[in-house]
Amino acid sequence: MRGWLKLSNSLVDKFLSNREGSASRNFFLSALWWSLWGMSAGLLAGLEFSMPDLVHNVPQLAMPHLRMFHVNAVAIGWLSMGYVGSMFHMVPTLCKTKLWSERLGNFTMWAWNVMMVGAFCTLLNGNTEGREYAELGALLDVIVMIGLVTVAWNIYMTIVTRRVKKLYVSLWYFLGSLFWFPLVYIIGQRTFVSLPGLNDAIIGWFYGHNILGMWFTTVGVGMMYFLLPRLTGAPLYSHGLSMLGFWGIALFYAPTGTHHILQSPVPEWLKAIAVISSIFLLVPVFTVLTNFFMTMKGKWGMVVTDMPLRFAVTSSMFYLVTCVQGPFQATRWVNWYLHFTQWVVGHAHLALLGTFSFILTSAFYYSMPRLTGRQWHSQGLIRAHYWLKFLGFLLMMTSLTIAGLVQSAGWHHGVPVDQWVIELVPYWFLRSISGIMIVTGQFIFAYNTYKTLYTPIVVVAPAAKPKEVKV
Amino acid sequence: MYGYRLGAIGIVITFFTIIFSTVLMPMVLFQPKPSHHGNDYSTETVGDATRGRRIYIREGCFYCHTQFTRLQDRGYGPLVQAGDYVYETPHQLGTARTGPDLTNEGGRFPSQWQKAHLVQPRAVKPGSIMPSFSYLSDEDMNDLVAYIQSLGNKRIPEHYVEAPAEYTDTTPAGQALLARRHVDTKATASANAGRGIYTQNCAACHGLDGRGNGPNSITLEKKPANFTRPFYKQYSDEMWFYRTSEGVAGTRMPRWNQILTEEQRWYVVAYLKTLQKDAEETVDKLEDVEKVEQIKLPALTHEEYEPHTGGGE
């Protein structure tokens, strides 16, 4: 009896560890693991644009199935798990306390991973709900909800037990996101309801845009607010501006979803709300970025040597481009021309890969040594990762944007699809190359992490000076 | 905690206001009535179209194919209305058009063609990048084809593609163009004049009988238009003139306004309007494709060749 108890206790300790920082570390590593799968799926799907007959007769590797898995693996797996890992590290740091429950955090981590295995098994077989960004089946949705609620509970309780009176702006963003996103997720799934087609689309895009707006953006910006002052050692430029930015996002982001279906027969007033709030989003974006860039004043040179800072600054630059592009293409007449094209795919990658994947990578490189007490195995590999991802992404963005302009010109002039599709071949090819670069970078990242965490630390005795060697 | 109570209440109220206005209000205020132009899945005989819709979803077709026509989409068939989608859930409006729009795809191609296209898209559409769905079972494929064939089957076209505004009488440029025009495009003499110009300039690709099988067509990747299609009967004079003047982007069809005078182009229009038949004359046998048309000049009098240089009354 006692032996069993001991065994179960040791199993609990092993799988639901109570060690400080273990939940954050495990979330980071799971995120990295799923990023490898998700990005590889994206790469293979991209290759199939260049070589449509690359894979034949394997339903699991058909482009649409790969695409579903790619989107879910990078959004729910890589970015969301990484975000939770970052919050589990940053919130206790900002509150000068410990995470409320490492055990609960590790439980969430296992639930989330089980959900991702489920996603892998179902999505590649086409077991989907047929709703973009909400493809996961009912059971998996429930597990995601359990995960989000336990994470929110854990973070809220950590903040309640904080030892610092004032809440830093990052905490505002994290708390807001953990209130918004579970609600957005529940509303967006539509698993148990069957709405008429266009109402389905309205709610679908409310969700599809707010998974970005009330989760990826808000947590990502909170992480930038944490990382930039930490990495540069400079105080935040203005607390007032940061509050203005926060309330701007809270007010203007959530109603923008309908700008994805501006030319469909949905009510005009809803489109008007979406377009106007999309344009208003420029206000929080410029306040947030002014704050970042003023904080960086006099510290720009540090990006040469400080790799996490370089990732963070690149991310904020891409954030500027994304958020100027977004309101621009949400206006009716630009949307009229650009909608449905690869330009939009480029824009989506600019937000999720360029901005939020970069800030998550920065947080990963920043947090991992602090969580495990180990220094990065190789700075050179971090540089390789940066350049492969950065240049690869620029290539992807350029090729997709040009491809999108070719497509929209094709429609605008009434040219049939099978005529302009031939013109896109070079851009698919460039996109494949960019995918290879990005995925290579990510594998280098994973290798570096593996070497950092799983190589025994060898203490090398200082070499004897030649003079002291007696011959 | 006390200092943040107001902020927390603010966030909750803001967010619920937004949910109320953009999620709940559309549910209450926007309830389109069925328009009777939505897709009818019950009439197809190829397979079970309702089941085909589930396969369409399972295979993720909506990632590349959209199902709504927009005002600016030319030649995509009738525009959709809100009532068309009442029974469509989950919606398949789509997210990007990497492939063509499928709103009114039903009936555009024979079912056998659709099936061949699913098995190997590049066999019937060279240059296509659609993945092959050869792994679908025969039943799945029939049902999917039945679904595709039922798309838009209740939407009847009433308005066709029209020339841009600068060619119609709604703009000053168009009015000036029409005022300059003195060729009667319904007259046989004009058509005969156009035939001469057509034979010299167009027949090399479009063929002498306008079937799109001129000698050059063999080498062209994008085949020239077949003017015998009944579809072209609804083309207005302005539409013909626009096409002839500005060419077709993405094909070898040139901008004839660089080569022919306005008067000559109107004569060509007069001739093109005589070519449509009640049923399309297709070159569907391999021997016919490879057979180059004999060049035979039409038998016309001297006056009929050149009426625009005088001679006629």
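Residues numbered from 1 in each chain as written. Chains lettered and ligands numbered in written order. Predicted model: local features only at pLDDT ≥ 70, side-chain atom pairs only at ≥ 80, totals over all residues.

### Things to note about the overall build of chain A
What chain A contains, in helices and strands, is 16 helices and zero strands. A compact globule built from 471 residues would reach a C-alpha radius of gyration of about 23 Å, and chain A, at 23 Å, matches this within 12%. Taken along its principal axes, the extent of the C-alpha atoms in chain A is 85 × 55 × 55 Å. Partitioning the intrachain contacts of chain A with sequence separation of at least 6 by distance along the chain shows that 85% fall at a separation of at least 24. (Helix = DSSP H or I, 4+ residues; strand = E, 2+ residues; numbered from the N terminus. Rg over C-alpha atoms; globule rule 2.2 N^0.38 Å. Contact = placed C-beta atoms within 7 Å.)

### Looking at the overall build of chain B
Each helix and strand in chain B was counted, giving twelve helices and zero strands. Mapped in sequence order, the helices and strands of chain B form the string α-α-α-α-α-α-α-α-α-α-α-α. In chain B, buried positions account for 36% of the 313 residues. Sequence-distant contacts in chain B: of pairs separated by 6 or more residues, those separated by 24 or more amount to 73%. (Buried ≥ 20, exposed ≤ 12 C-beta atoms within 10 Å, placed from the backbone.)

### Overview of the nonpolar core
Formed by 150 residues in total, the largest nonpolar core has its most connected members in Met-87, Val-91, Phe-174, Met-224, Leu-227 and Ala-312 of chain A. With 21 residues, helix α7 (residues 197-232) of chain A is the largest single contributor of residues to this core. By size, the runner-up hydrophobic cluster in this structure holds 21 residues, among which are Tyr-167, Ile-197, Phe-227 and Trp-240 of chain B. (Core = buried A, V, L, I, M, F, W, Y, C linked by C-beta atoms within 7 Å.)

### What about the interface of chain A and chain B?
With 64 residues of chain A at the contact, the number on the chain B side is 56 residues. Ranked by the residues each element gives to the side of chain A that touches chain B, the list is headed by α7 of chain A, at nine residues. For the side of chain A that touches chain B, a count of residues per class yields 38 nonpolar, 18 polar and eight charged. (Nonpolar A, V, L, I, M, F, W, Y, C, P; charged D, E, K, R; others polar.)

### Considering helix α1 (residues 2-15) of chain A
Each turn of an α-helix holds 3.6 residues, which means side chains three or four residues apart point in the same direction. For α1 of chain A, with 14 residues, the first-to-last C-alpha span of 20 Å sits near the 20 Å given by 1.5 Å per residue. Where burial is concerned, little of α1 of chain A is hidden: zero out of the 14 residues are buried. (Expected span 1.5 Å × (residues − 1).)

### Some points on unusual backbone geometry
Leaving glycine aside, a negative phi is the common case for residues, and trans is the common case for peptide bonds. Geometrically, the link from Thr-89 of chain B to Pro-90 of chain B is a cis peptide bond, its omega value of -10° lying close to zero. Within the secondary structure, Pro-90 of chain B is located in the loop between α2 (49-58) and α3 (111-119). Within the chain, Tyr-133 of chain A stands out as a residue other than glycine whose phi angle is a positive 70°. Its 21 C-beta neighbours within 10 Å are what place Tyr-133 of chain A among the buried residues. In this model, Phe-340 of chain A sits at a positive phi of 75°, which is unusual for a non-glycine residue. Mapped onto the elements, Phe-340 of chain A comes out in the loop between α12 (332-338) and α13 (342-372). Note on Phe-340 of chain A: 22 C-beta atoms within 10 Å, which makes it buried.

### Some thoughts on the confidence of the model for chain B
If pLDDT is low for a region, its predicted coordinates should not be looked at in detail. For chain B, mean pLDDT is 84; residues scoring 70 or higher make up 88% of the total. For this predicted complex, the interface confidence reaches an ipTM of 0.91, while the overall pTM sits at 0.82. (pLDDT = per-residue confidence, 0-100.)

### Let's talk about the packing of helix α3 (residues 63-95) of chain A against α7 of chain A
All names here are of chain A. Contact geometry of α3 with α7 gives a least axis separation of 11 Å together with a crossing angle of 40°. The orientation of α3 relative to α7 falls into the category oblique. Taken as a pair, α3 and α7 cross one another with a handedness that is left-handed. Between α3 and α7, the residues in contact are Ala-75, Leu-79, Tyr-83, Ser-86, Met-87 and Met-90 and Ile-211, Phe-216, Val-219, Met-223 and Phe-226, respectively. Here the contact of α3 with α7 is built from residues that sort into ten nonpolar, one polar and no charged. (Axes fitted to C-alpha atoms, helices over the stretch in contact; angles between N-to-C directions. Parallel < 35°, antiparallel > 145°, perpendicular 65-115°, else oblique. Left-handed = near helix turned anticlockwise from the far one by under 90°.)

### Points about the environment of Cys-121 of chain A
If you trace the backbone, Cys-121 of chain A turns up in helix α4 (residues 102-123). A C-alpha to C-alpha distance of 25 Å links Cys-121 of chain A and Leu-212 of chain A, two positions 91 residues apart in sequence.

### Digging into the environment of Thr-95 of chain B
Along the chain, the position of Thr-95 of chain B falls in the loop between α2 and α3. Judged by C-beta crowding, with 22 C-beta atoms within 10 Å, Thr-95 of chain B ranks as buried. Once the C-alpha coordinates of Thr-95 of chain B and Gln-234 of chain B are considered, the two residues, 139 residues apart in sequence, prove to be 32 Å apart. What Thr-95 of chain B contacts, discounting residues up to four positions off in sequence, is Glu-132 of chain A together with Phe-62 and Tyr-63 of chain B.

### Considering the packing of α7 of chain A against α13 of chain A
Residue and element names in this part refer to chain A. The geometry of α7 relative to α13 is characterised by a closest axis approach of 10 Å and an angle of 45° between their N-to-C directions. Here α13 runs oblique to α7, going by the angle between their axes. Of the two elements, α7 crosses α13, and the hand of that crossing is left-handed. From α7, Leu-212, Phe-216, Gly-220, Met-223, Met-224, Leu-227 and Leu-231 reach across to α13, where they touch Ala-351, Leu-352, Thr-355, Phe-356, Ile-359, Ser-362, Ala-363 and Tyr-366. Residue composition of the contact of α7 with α13, grouped by class: twelve nonpolar, three polar and no charged.

### Details of the environment of Asn-113 of chain A
By the element assignment, Asn-113 of chain A lies in helix α4. Classification of Asn-113 of chain A as partly exposed rests on a count of 19 C-beta atoms within 10 Å.

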